[in-house]
Structure formats: structure tokens, C-alpha cells
Amino acid sequence: MMTRLKTWVSAAALAGGMALTSLSAGTARAQETIKVGILHSLSGTMAISETTLKDAMLMLIAEQNKKGGLLGKKLEPVVVDPASNWPLFAEKARELIAKDKVSAVFGCWTSVSRKSVLPVFKELNSILFYPVQYEGEESERNVFYTGAAPNQQAIPAVDYLMKEEKVERWVLEGTDYVYPRTTNKILEAYLKAKGVKPEDISINYTPFGQSDWQTRVAAIKSFGSAGKKTAVVSTINGDANVPFYKELANQGIKATDIPVVAFSVGEEELAGIDTKPLVGHLAAWNYFESIDTPENKAFIQQWQAYRKNPKAVTNDPMEAHYIGFNMWVKAVEKAGTVDPDKVIAALPGTEQKNLTGGTSTMLPNHHITKPVFIGEIKDDGQFDVVNKTEGLIPGEAWSKQLEGSKDLEADWVKLNCGNYNTKTKKCGGA
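Residues numbered from 1 in each chain as written. Predicted model: local features only at pLDDT ≥ 70, side-chain atom pairs only at ≥ 80, totals over all residues. Heavy atoms only, no water.

Peer 1: So what's going on with the nonpolar core? Which residues, and what values?
Peer 2: Judged by nonpolar contacts, the single largest core of 61 residues is most densely connected at L39, F325 and W328. The element best represented in this core is helix α11 (residues 316-335), accounting for nine residues. In this view, L39 contacts E50, V80, P82, F89, K92, A93, L96, V105, F106, G107, C108 and V117; residues no more than four positions away in its chain are not counted. (Core = buried A, V, L, I, M, F, W, Y, C linked by side-chain atoms within 4.5 Å. Buried < 20%, exposed > 50% of the residue type's maximum accessible area, 1.4 Å probe, protein only. Helix = DSSP H or I, 4+ residues; strand = E, 2+ residues; numbered from the N terminus. Contact = heavy atoms within 4.5 Å.)

Peer 1: Summarise the pairing of strand β14 (residues 373-377); cite the residues concerned and give the values.
Peer 2: For β14, the buried fraction is high: four of the five residues fall into the buried class. The pairing of β14 with strand β15 (residues 383-388) spans five bridges and is classified as antiparallel. Each bridged residue has a counterpart across the sheet, and for I377 the counterpart in β15 is F383. In this structure, the hairpin formed by β14 and β15 is closed by a connection of five residues, where G381 is found at a positive phi of approximately 85 degrees. (Pairing = 2+ DSSP bridges.)

Peer 1: Quick rundown of the confidence of the model for the protein? Include the residues and the values.
Peer 2: For the protein, the mean per-residue pLDDT works out to 92, and 92% of the residues sit at or above 70. When pLDDT is averaged over each element of the protein, strand β4 (residues 128-130) comes out on top at 99 and helix α1 (residues 2-31) at the bottom at 42. Here residues 1-30 is a poorly scored stretch, pLDDT under 50, and it has zero contacts once near neighbours within four places are set aside; other chains count. (pLDDT = per-residue confidence, 0-100.)

Peer 1: Tell me about the sheet that holds strand β2 (residues 74-80), and name the residues and values.
Peer 2: Judged by pairing direction, the sheet is parallel, and its five strands sit side by side in the order β2-β1-β3-β4-β5 without closing on themselves. Whereas interior strands pair on both sides, the edge strands pair on one side only; in this sheet they are β2 and β5 (143-145). With strand direction ignored, the average angle separating the axes of adjacent strands in the sheet is 25 degrees. Bridge count between β4 and β5: three bridges; the pairing is parallel. Paired with Y130 across the bridge in β5 is Y145. (Axes fitted to C-alpha atoms, helices over the stretch in contact; angles between N-to-C directions.)

Peer 1: Provide a residue-level description of the pairing of strand β18 (residues 417-421), including the pertinent values.
Peer 2: For β18, the tally of buried residues reaches four of five residues, placing the bulk of the element in the interior. In the sheet, strand β17 (residues 408-411) pairs with β18 via three bridges, with the strands oriented antiparallel. In the strand pairing of β18, L408 is matched with N421. Between β17 and β18, which pair antiparallel and follow one another directly, the connecting turn spans five residues, one of which, N416, has a positive phi of 50 degrees. Sheet topology places β18 next to strand β19 (residues 426-427); two bridges connect them, and they run antiparallel. The residue of β19 that forms the bridge with N421 is K426. Where β18 hands over to β19, the hairpin turn is made up of four residues, of which K425 adopts a positive phi near 60 degrees.

Peer 1: I'd like a description of the pattern of salt bridges, backed by residues and values.
Peer 2: Taken as a whole and assessed by the stated rule, the structure comprises 20 salt bridges. When the shortest N-O distance is used, the salt bridge between K54 and D55 registers 2.8 Å. In this structure, K54 and D55 share a single accessibility class: buried. For R114, the salt bridge goes to E135, with nearest N and O atoms at 3.0 Å. With R114 in helix α4 (residues 111-124) and E135 in the loop between β4 and β5, this residue pair connects regions lying 21 residues apart in the sequence. A relative accessible area of 1% places E135 in the buried class. Connected through salt bridges with shared partners, the residues R114, K115, E135 and E138 form a single ionic network. (Salt bridge = Lys/Arg side-chain N within 4 Å of Asp/Glu carboxyl O.)

Peer 1: Any chance you could break down the packing of helix α5 (residues 154-164) against helix α6 (residues 178-193) for me, citing the residues and the numbers?
Peer 2: The N-to-C vectors of α5 and α6 enclose an angle of 40 degrees; their axes lie 10 Å apart at closest approach. Classified by the angle their axes make, α5 and α6 are oblique. Taken as a pair, α5 and α6 cross one another with a handedness that is right-handed. Where α5 approaches α6, its residues A154, I155, V158, D159 and M162 are matched on the opposing element by T183, I186, L187, Y190 and L191. (Parallel < 35°, antiparallel > 145°, perpendicular 65-115°, else oblique. Left-handed = near helix turned anticlockwise from the far one by under 90°.)

Peer 1: Got a sec to walk through the packing of aromatic side chains? Specific residues and values, please.
Peer 2: In the structure shown here, the tally under the stated rule is 16 aromatic pairs. Seen in terms of ring centroids, Y177 and Y179 are 6.3 Å apart; in terms of plane orientation they differ by 50 degrees. Their pairing is tilted. Each member of the pair, Y177 together with Y179, is buried. Over the ring of Y130 we find R114; its NZ or CZ atom is 4.8 Å from the centre of that ring. Over the aromatic face of Y205 sits the side chain of R181, whose NZ or CZ is 4.0 Å from the ring centroid. (Phe/Tyr/Trp six-rings, centres within 6.5 Å; stacked < 30°, edge-to-face > 60°. Lys NZ or Arg CZ within 6 Å of the ring centre and 35° of its normal.)

This is the structure:
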């Protein structure tokens, strides 16, 4: 009996030891890599824009691994598809952080998707790098905004149209969600402050995936026939852009008649349509593939080699991911860890050469410094830069144009606050 007991105890101990060994091996394997989350729509209405960003992140991660990885470990991408479904973005973000244990997430395009995931990143204390132009009015501790704020895209675009195109009537045309609505609220206030009359401003919104533009484009054409130079400021997002531009051409609206300046149409979107009728229409971005710098040439060559496609195009949000990813790498190296609190603290002040000839800096408000370019669409789907700002513009989290925002300041370094009221001296905008 004693022998059997000893045998059973020995077997149990051996099994327990094997289980512990297996657990330790599993833990060790988990610690062998640093996981990076990629949260971009690969299906649905936003896939036209976001799929490329997933591929860009995979390329950047692969390139970093060729350099030896990070902190002596390889980077492991974890890709999910939130499928242009805004609540699903939050579910997938939670999955990446809680289940997959990623150290940072690069993702989202629309502001409604970003707003959807914000509570998750705050609750689980992770880091999101957001690479797309947006409406501002936000500065979160767990988010780093590498796309343009309104003062880095929308405002300079309107200034260009006023000064160079002598525009007097304005159509603010957008997809119906938070980014176009807030951006147009800012632009409406800005235009009125510049002396534009309310009757010379037309504001309209259409759903995601809008396909029938005949009636709306006819209304734009009618609005532009009042004898004053008219322009369209477009915050249309996703695949709705393709039929919108086709309908402009169908109704004979040329850039010389009513120029359209777009904030969400870049090289990737133009690759899907016949651009010849669109020559001369405009886009405002912080990067264009056509900008001639050694850094940009190298990036384009790297991208086309990665895609095995000599015609693969680059665009602004790709550059934003390039900047954000490299800033994250530098902050992790500086902190010596992927611990989110330490990386968040290390990011402000981090610098990274952009692809257009300057050096972007992460600011205390978690936005970056960026140049602004206005480009004209060419018949090959590229852009001819017709205007650029002098130097780099610091991104502003809060708009000077809006009554509830003009007194707010974001500073996560000195004030540890994203919405400090400079009048009441209180955090939270109260």
C-alpha cells in the first residue's frame, strides 16, 4: 500500500512538474515577442481606405524585425477586422488588449470608430495610435493622434480657397457622423468670422456608403450658379467618394467651375476611379506621394517592393502610421519597457523625421507637428502640390473657433490633463 502511495505521489508530482514546466514554457513563449495590435477595417464601407493601413503596419513591423526587433524581442502583429462596424471596433480592441496582450494598437479611421474604442483603452490602460485627420475637440491620455487636427488641414484648405481661388460661396459636404459634423461646425464659425454670410454657406450630410449622388450634385450645381465663386469642402468618407466624383463628372462640374477640396481622398481612393474628369480638383493633406525627398523615395520603393507591385501607391495616413510607429519604437527604447504608463510618459518630446523633409515632434497634447500641403489631382491619380505651409504646424486639440473649446488646453506633461480650462483653472473643462 505504501509503495503504491509513493508511486501515486511521485506520479502526481511528476505530472504537476510537467504542468508547471508546460506553463512556464507557454509563459516564456508569450514573452518571446512583443505583440502589436492592428485595428483596421478589412471589409465594409471603410475597407477601401483602411486595408492599406493594415498592410503598411505589417511592412513597418517586418522592417523593425529585420533591425533586430525591439528590446531584444521580435514584434508580432495581431490583425483583427472590425469590419466597418463601430461597436465591433470596441469588441476587437478589448480582444487585442485583454486576450492577445498587445503592447500598443495602431488603428481606426473614422472618428466614430475611435470614439467607440476610447472607453476600452482608458479602462484597460493601453495605447492607441490614431493615424487619420479628425475633428479635434479631444485629447486622451491613452491616445496619440498622428493625423491632422483641423488647424493642420481644414483651416489651411479654406484659407487657400479664399486667397487663391477667391471663393465666396461654400458647400460643406460630409458623411453623416462626428468628424464631418464637428469639422463643419468649426469651418462654419471660421467662415462667418471671415465675413461670409449664412446664405453663402450650404451644409449637407449623407449616410456612409451613399451611392446615388444625382440629386445632391444637382443641388451643388444650382448653389454654385448664383454668380459667386463656389467651392465644395468635402468630408465625405469611404467608398461613397467614388460615385460622388463620378457624378460630378457626369453633370459636367469641372474644377474651374466649382473646385472640390477633399479631406479624405488620397492616392489610394483615386486608384479606383477614372481621374481624368477630376483633374484640378483639390485635396488637403500633410503628405503626398508626389513629394520629392530622399526619405519619401525610399519609403515608396520599400512599399512597392513589399506589395510586389510597382504601381502600389502611398498616402497620408500611411505616413502618419510611419511616424507614429517609429515614435512608439523610440519611446519603448527610451523607457526600456512596453509598460503603457512608462511609454505614455516617454512619448511627448519624441521626434521622428517625416517623409516630406521635416521632423515631427510629439507634443504634450498628444498631437504632432505637421506640414500642410494642398494638392491638385492629376490625370495619373497623383497630386501636384500647389501650396504648402512654411514650416510645421503644431496640432491643436481644441478649436479656437468654438465657444466651448477656445479656453481649453491639453497638456499631459505639466498639467496631466486633456481639457484644462485656462479661465477656471480646472481640469475637465468645468
